[in-house]
Amino acid sequence: MGELIPLPEPVRVALGERPRSVLIDSAALAEVRARFADAQAEALAKYLEESQSPNTLRAYRADWIGWAGWCSREGRQALPADALDVAVYLAAAAEARADDGVRWAFAPSTLERKAAAIAAVHAANGLPSPTRSDVVRLTLRGIRRSRRAQPKRKRPVLLHTLTELLAQLPEPGWPTEPARRRDALVLLIGFAGALRRSELATISLDDVDVQTDPGTGEPVLIIRLAVTKTDPTGVRQQQVVLPRGQRPDTCPVCAYVAWTELLEIPTHDELRSHTFETTKVHRCHGFAGTALSDGTGRPLFPSVSQHGRIAATAMSGRAVAELVKRYAAKAGLDPQLFSGHSLRSGFATQAALGGASDREIMRQGRWANPRTVHRYIRIATPLEDNAVTKLGL
């Protein structure tokens, strides 16, 4: 039962013709198009799509296609859905195995997201959600109770691990220099800023402001986060502050200077013929910013080809996670133990090891729930404030 939902080709084509966002009431939108000018209807569709993050929409769309495909195969109705059909679908998905025939195909959290996607599409179409019924809620509860395995958390990137990853950067020179400088900045900003992979992927050069630390006179990076997982509309205007590092090779500001110097080279041909200088001293002294922060929204972390060509589009959050895994593998570590979140969790764990308080860790990581931070602290210092040390064993 490795493939739970084989989609017939006509179903796949029909689903592909629907709006990019499954959270849009296509019938209502058609009525809008009939009553208003095309430009007005398209503006409405655009902002309806922007109401959810791209990652959420992508996941919900995949979940909805899976549900609709199952309904087509079983002769059931996807919208509006019958609560018993949804419960049977979730139960069948819970029993499905991965291609190896051993592992479960879907984690309980994935099944809960599938139910959330069905509920969201119903809500978007003005319909009551079938997932609120007892049969669906009890099915999900039963799945959670029967799958009590401890969640497999990815390993945090601590400071010594970060140093190992940075040691695997490509050699200086062409054509690897763009990837070398960009990847160093991804790792350093992701770690020091406690950033999620999605946050890293969406930073633009306009989001980075360079200020001067009044205490040291050295430059400080202020990174504004337009939207985050906990602030999807940007109302809170979250930001992180990155000071000068103690060593040039682990200094986020130096890495930013090195990367923007390369980006300022105007053409690809000039970039290929450029002489790249390496230095073991801080590059950030007196740095006041880059002219590339010009309001055009150029991505801070664009895609870079193996031939050194820098794209105009930003790398994806998935690419950030793959970057961490790739350097972990080069360092002789198991890449399956690491993810994009390893940089964020590594910050919290390393900060706890360094004696940072809960409040300090929460402020930089923008955590609202102290329990999350306490979990990292327990991992970092399991015997601190632990009565077991007073037992006299």
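Located above this text is the structure these notes cover.
Worth saying up front: this structure is predicted, and the values here are computed from it rather than measured.

Student: Can you explain the pairing of strand β2 (residues 219–224)? Please cite residues and give values.
Tutor: Burial runs high along β2: 5 of the 6 residues are buried. Bridge count between strand β1 (residues 208–212) and β2: 5 bridges; the pairing is antiparallel. Directly across from V210, in β2, lies its bridge partner L221. Linkage of β1 to β2, two consecutive antiparallel strands, is achieved through a turn of 6 residues, within which G217 is found at a positive phi near 75°. Across 4 bridges, β2 lies against strand β3 (residues 239–242) in antiparallel orientation. Across the sheet, residue L221 finds its bridge partner in β3, namely L242.

Student: Residue-level account of helix α5 (residues 83–95), with values.
Tutor: The periodicity of an α-helix, 3.6 residues per turn, causes residues three or four places apart in sequence to face the same way. Its 13 residues give α5 an end-to-end C-alpha distance of 19 Å, which sits within 8% of 18 Å, the value for a rise of 1.5 Å per residue. Looking at α5, one finds that the buried residues are A83, D85, V86, A87, Y89, L90, A92, A93 and A94. Buried residues along α5 sit against α4 (54–74), α6 (108–124) and α7 (134–146). Capping the start of α5, D82 holds a side-chain oxygen 2.9 Å from the backbone nitrogen of L84, two or three residues further along.

Student: Account for the packing of helix α9 (residues 177–192) against helix α11 (residues 252–263), with residues named and values stated.
Tutor: Packing of α9 against α11 leaves a shortest axis separation of 9 Å and a crossing angle of 145°. The element α9 and its partner α11 pack so that their crossing is left-handed. Residues E177, P178, R181, R182, L185, L188 and A192 of α9 touch α11, and the partners they reach there are P252, A255, Y256, A258, W259, E261 and L262. Classifying every residue of the contact of α9 with α11 by side-chain character gives 10 nonpolar, no polar and 4 charged.

Student: An account of the sheet that holds β3 is needed here, citing residue identities and associated values.
Tutor: The strands making up a sheet associate through hydrogen bonds between their backbones, and the pairing can be parallel or antiparallel. Across the sheet, which stays open at both edges, the 3 strands sit in the order β1-β2-β3 with antiparallel pairing between neighbours. In the strand order of this sheet, the two ends are held by β1 and β3, each with one partner. Strand-to-strand twist across the sheet, computed as the mean angle between neighbouring axes with direction ignored, equals 25°.

Student: How would you summarise the environment of V157 if you had to cite specific residues and measurements?
Tutor: Relative to the helices and strands, V157 is located in the loop between α7 and α8 (159–166). Spatially, the C-alpha atom of V157 lies 9.5 Å from that of A328, the residues being 171 residues apart in sequence.

Student: Describe the packing of aromatic side chains, and please don't skip the residues or the numbers.
Tutor: All told, the structure shown has 4 aromatic pairs when counted by the stated rule. Between the aromatic rings of W70 and Y89, the centroid separation amounts to 5.4 Å while the plane-to-plane angle is 55°, which identifies the pairing as tilted. Remark: Y89 occurs in helix α5 and W70 occurs in helix α4; sequence separation between them is 19 residues. A relative accessible area of 7% means that W70 is categorised as buried.

Student: Go over the pattern of salt bridges with me, naming the residues and quoting the values.
Tutor: Throughout the structure, instances matching the rule amount to 15 salt bridges. For the salt bridge of R283 with E261, the shortest nitrogen-to-oxygen distance reads 3.0 Å. In this pair, R283 is assigned in the loop between α12 (268–273) and β4 (302–304) and E261 in helix α11, connecting sequence segments 22 residues apart. Since its relative accessible area comes to 38%, E261 is described here as partly exposed. Shared partners join several salt bridges into a network, and the residues in it are D63, R113 and K114.

Student: A description of unusual backbone geometry should follow, citing residues and the corresponding values.
Tutor: Excluding glycine, residues mostly carry a negative phi; peptide bonds, for their part, are mostly trans. For the bond from L79 to P80, the omega torsion is -10°, close enough to zero to count as cis. Put simply, W174 and P175 share a cis peptide bond, and its omega is 5°. With respect to the helices and strands, P175 occurs in the loop between α8 and α9. Positioned with a positive phi, R366 is a non-glycine residue whose angle comes to about 60°. You can see R366 is positioned in the loop between α15 (358–365) and α16 (370–380).

Student: Explain the packing of helix α14 (residues 341–353) against α15 to me, and be specific about the residues and the numbers.
Tutor: Helices that pack against each other are described as a pair by the angle of their axes relative to one another and the distance between those axes. Direction vectors running N to C along α14 and α15 enclose 160°, while the axes themselves pass 10 Å from each other. Overall, the two elements α14 and α15 adopt an arrangement that is roughly antiparallel. Where α14 crosses over α15, the handedness of that crossing is right-handed. Contacts from R344, F347, A348, A351 and A352 of α14 reach α15 at I361, Q364 and G365. Of the residues in the contact of α14 with α15, the class split is 5 nonpolar, 2 polar and 1 charged.

Student: How would you sum up the environment of T212? Please name residues and give values.
Tutor: Among the secondary structure elements, T212 is positioned in strand β1. Under the relative-accessibility criterion, T212 is labelled exposed at 55%. The spacing of T212 and A288 is 76 residues in sequence and 8.3 Å in space, taken between C-alpha atoms. Those residues in contact with T212 that sit more than four places away from it in its chain are G217, E218 and P219.

Scoring rules and cut-offs
- Residues numbered from 1 in each chain as written.
- Predicted model: local features only at pLDDT ≥ 70, side-chain atom pairs only at ≥ 80, totals over all residues.
- Heavy atoms only, no water.
- Buried < 20%, exposed > 50% of the residue type's maximum accessible area, 1.4 Å probe, protein only.
- Helix = DSSP H or I, 4+ residues; strand = E, 2+ residues; numbered from the N terminus.
- Pairing = 2+ DSSP bridges.
- Expected span 1.5 Å × (residues − 1).
- Contact = heavy atoms within 4.5 Å.
- Polar contact = N/O pair within 3.5 Å; in protein donor to acceptor, adjacent residues only side chain to side chain.
- Axes fitted to C-alpha atoms, helices over the stretch in contact; angles between N-to-C directions.
- Left-handed = near helix turned anticlockwise from the far one by under 90°.
- Nonpolar A, V, L, I, M, F, W, Y, C, P; charged D, E, K, R; others polar.
- Phe/Tyr/Trp six-rings, centres within 6.5 Å; stacked < 30°, edge-to-face > 60°.
- Salt bridge = Lys/Arg side-chain N within 4 Å of Asp/Glu carboxyl O.
- Parallel < 35°, antiparallel > 145°, perpendicular 65-115°, else oblique.

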